[in-house]
Amino acid sequence: MADISIKQEHQLPLQQAKDAAQKVADKMATEFDMTTQWDGDILSFKRSGVAGTLALREKEAQIDITLDFLFKAFAGPLEEKVARNMKKYFADAA
């Protein structure tokens with residue numbers, strides 16, 4: 001079960017949604033030293049102690065993040081930051 005799960009509605013065509021998801025991934029990779037990889041419409045990301053997926057659906061993007069014990073203490077601030085980025089790149093881009 002994910003420690004952080006955020007759904008963000010969007011009005012973007014699939015390719016634009018993928019572009020927005022890639023921007024979120026690029027930001028996470030830079031800020032948190034994560035690796036990312038696409039598998040269809042699902043973007044997987046990971047680093048030591050953190051793993052997750054960003055799944056694109058029609059009119060919705062969902063990010064699920066699993067944290068190991070050491071990172072659980074940072075779940076609140078991390079969730080706020082991810083939610084802001086999801087809104088910035090998906091909702092505001094509509």
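Before reading further, recall that the structure is shown in the block above.
One structure accompanies this document, and this report is about it. (Residues numbered from 1 in each chain as written. Predicted model: local features only at pLDDT ≥ 70, side-chain atom pairs only at ≥ 80, totals over all residues. Heavy atoms only, no water.)

Remarks on the side chain of H10
How we decide: Strands here mean DSSP runs of E at least two residues long; helices mean DSSP runs of H or I at least four residues long; both are numbered from the N terminus. Whenever a nitrogen or oxygen atom comes within 3.5 Å of another N or O atom, the pair is scored as a polar contact, on the condition that within protein one atom can donate a hydrogen and the other can accept it, and that pairs from neighbouring residues in sequence are kept only if both atoms are in side chains. Every residue pair with non-hydrogen atoms within 4.5 Å of one another is taken to be in contact.
Among the secondary structure elements, H10 is positioned in the loop between strand 1 (4-9) and helix 1 (14-32). In this structure the side chain of H10 is engaged in a polar contact, spanning 3.0 Å, whose partner is the backbone nitrogen of L12. A distance of 3.2 Å separates a polar atom in the side chain of H10 from the backbone nitrogen of E60. Sequence-distant contacts of H10, that is, excluding residues within four places in its chain, are made with A17, R57, K59, E60, A61 and F90.

Some thoughts on unusual backbone geometry
Phi is positive for K59, which is not a glycine, with a value near 70°. In this fold, K59 is placed in the loop between strand 4 (50-57) and strand 5 (60-67).

Here's the deal with the nonpolar core
Selection rule: Nonpolar core, defined: a set of buried Ala, Val, Leu, Ile, Met, Phe, Trp, Tyr and Cys residues in which side-chain atoms within 4.5 Å join the residues together. Only protein chains enter the accessibility calculation, which uses a 1.4 Å probe. A residue is then buried if its area is under 20% of the maximum for its type, exposed if over 50%, and partly exposed in between.
If you look at the biggest cluster of nonpolar residues, it comprises 25 residues, and the most contacted ones within it are L54, I63, I65 and F90. Going through the elements one at a time, strand 1, helix 1, strand 3 (42-47), strand 4, strand 5 and helix 2 (75-91) are the ones with two or more residues in this core. Contact partners of F90, with chain neighbours within four places excluded, come to Q8, E9, H10, L12, A17, A20, A21, V24, L54, L56 and A61.

Some points on helix 1
Definition in use: Given a helix with a known number of residues, its expected span is that number minus one, times 1.5 Å.
Helix length check: helix 1, at 19 residues, gives a terminal C-alpha distance of 26 Å against a target of 27 Å (1.5 Å per residue), a fit within 8%. On its buried side, helix 1 packs onto strand 2 (35-39), strand 3, strand 4, strand 5 and helix 2. Of the residues flanking the end of helix 1, it is D33, one or two places downstream, whose phi is positive at about 55°.

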